[in-house]
Amino acid sequence: VFRLDILKSYNVDGFIIAPTPGLEKELQKLTKSGKPVVLFDRFSPELPTCNVVVDNRRGAMTGAMELLNNGYKDLGFVTLVSKQVQMDDRKKGYIDALGSIHQASKILEIPYNQTTEQNTLAIKEFILKNKEIDGIVFGTNYLAIAGLQAFKDLKLVVGKDIGVVGFDDNTNFALFTPSVTAIAQPVEHIARCIVKEMLTALNKDPNWIPTTTILNTTLVKRESSSKL
């Protein structure tokens, strides 16, 4: 909020924001100011903003199906405690995949402000309580990293004892042993769409109205989702 106040004091022409929880009232004020607001990564359906996001639901479903198609039979999902639309859609995508095999969901929701060590401990406890799980889809890349540490502590071999898919590719995922399969967002395409929408709005195009652009994700297949 403080940073938004600074930007408003500089009388900027438009706002490009990846909104965090609790920012809804400030965003509402911005939309009433008449200046264009473009949100990316996440958005609030109640706000009249222009949004550039990915198809989180389909992406998560694709990641879960990758594990199921490779022989993993009992999948869990590790995500954040969040009401944000993108996190909710990722959870729904995982549930969609399980619906195809009529399996009950097993979901761990972790507070977003925990340390990596706390996340690792929570994932270890989740695995020990659900020993039948042989594959996990992680809702973020940093939760996937905490999960890899948890598996190491539990002496579980990724790609053999347990399959892994992370949401949001990480430049280090290809360097892990085994390398980590991930659902990648089209970062450059997202940036181009954001700039296009903002420039159109700033040029006072009479046909411009706030819209939501939904882009496809890409499944980057690596070793962690295949059976060694």
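Per chain, residues are indexed from 1 in the order of the written sequence. At least 70 in pLDDT is required for a residue's local features to be given in this predicted model, at least 80 for side-chain atom pairs to be given and counted, and no such filter applies to totals for whole chains, interfaces and linings, which use all residues. Side-chain calculation: all heavy atoms of the structure are included, whereas hydrogens and water are not.

Engineer: Mind showing me how you'd approach the packing of helix 5 (residues 116–129) against helix 6 (residues 141–153) here?
Structural biologist: For any two helices packed against each other, the geometry comes down to the angle between their axes and how far apart the axes lie. In contact at an axis separation of 8 Å, helix 5 and helix 6 are set at 60° when each is read in the N-to-C sense. What the angle tells us is that helix 5 and helix 6 run oblique. For the crossing formed where helix 5 meets helix 6, the hand is right-handed. In this structure, helix 5 contributes Thr116, Asn119, Thr120, Ile123, Lys124 and Ile127 to the contact, and helix 6 contributes Tyr142, Leu143, Ala146, Gly147, Gln149, Ala150, Phe151 and Asp153. Orientation is described by lines fitted to C-alpha atoms, with helices fitted over the stretch in contact, and by angles between N-to-C directions that extend from 0 to 180 degrees. Where helices and strands are cited, they refer to DSSP runs of H or I of at least four residues and of E of at least two residues respectively, numbered from the N terminus. Working rule for angles: under 35 degrees goes down as roughly parallel, over 145 as roughly antiparallel, 65 to 115 as roughly perpendicular, anything else as oblique. It is the rotation of the near helix from the far one that decides the hand of a crossing: anticlockwise by less than a right angle makes it left-handed, clockwise makes it right-handed. Note on definitions: a residue-residue contact is assigned when non-hydrogen atoms from the two residues lie within 4.5 Å.

Engineer: Please explain helix 4 (residues 85–99) as it appears in this structure.
Structural biologist: Turn by turn, an α-helix covers 3.6 residues, leaving residues three or four places apart pointing in a common direction. An expected span of 1.5 Å times one less than the residue number is assigned to each helix. Here helix 4 spans 21 Å end to end across 15 residues, near enough to the 21 Å set by a 1.5 Å rise per residue. Of all the positions in helix 4, only Gln86, Met87, Arg90, Gly93, Tyr94, Ala97 and Leu98 are classed as buried. Seen from one end, helix 4 has its buried residues packed into an arc of 140°, which puts them on one side. Taken together, the buried residues of helix 4 touch helix 3 (56–69), strand 4 (75–80), strand 5 (107–110) and strand 7 (163–167). Only protein chains enter the accessibility calculation, which uses a 1.4 Å probe; a residue whose area is less than 20% of its type maximum is buried, one above 50% is exposed, and one in between is partly exposed. By construction, the arc corresponds to the directions joining the helix axis to the C-beta atoms.

Engineer: Can you walk me through the pairing of strand 2 (residues 37–40) in this structure?
Structural biologist: Across a regular strand the side chains alternate sides, sitting on one face of the sheet and then on the other. Strands qualify as paired when DSSP identifies two bridges or more between them. Looking at chain direction, strand 1 (residues 15–17) and strand 2 are connected through 3 bridges and run parallel. Counterpart to isoleucine 17 in the pairing with strand 2 is leucine 39. Orient the strands so they point away from the viewer, and a crossover whose first-strand-to-second-strand path over the helix runs clockwise is right-handed. With helix 2 (residues 24–32) bridging strand 1 and its parallel neighbour strand 2, the resulting β-α-β unit is right-handed. As paired strands, strand 2 and strand 3 (residues 50–54) are joined by 3 bridges and run parallel to one another. Considered in strand 3, the bridge of valine 38 is made with cysteine 50.

Engineer: Honestly, empty space enclosed by the protein in this entry has me stumped. Any pointers?
Structural biologist: Over the atoms, a rolling probe the size of a water molecule traces out where space has been left empty. Cavity means a closed set of points on a 1 Å grid over the protein atoms alone, one where a 1.4 Å probe fits but cannot get out, pocket means an open set with protein on both sides within 12 Å along at least 5 of 7 lines, and lining means a residue has an atom within 4 Å of a point. Grid points are joined across faces, edges and corners, and a volume is the space filled by probe spheres set on the points. Under the criterion given, the structure shown has 1 cavity of 30 Å³ or more. By volume, the largest cavity amounts to about 40 Å³. Lining the largest cavity, in full, are Thr79, Leu80, Ser82, Met87, Asp88, Lys91 and Glu109. Residue assignment for the lining of the largest cavity shows that the elements contributing at least two residues are strand 4 and helix 4. Broken down by element, the residue count for the lining of the largest cavity peaks at 3 residues, all from helix 4. Side-chain classes follow a simple rule in which Ala, Val, Leu, Ile, Met, Phe, Trp, Tyr, Cys and Pro form the nonpolar group, Asp, Glu, Lys and Arg form the charged group, and the remainder, Gly included, forms the polar group. Partitioning the lining of the largest cavity into residue classes produces 2 nonpolar, 2 polar and 3 charged.

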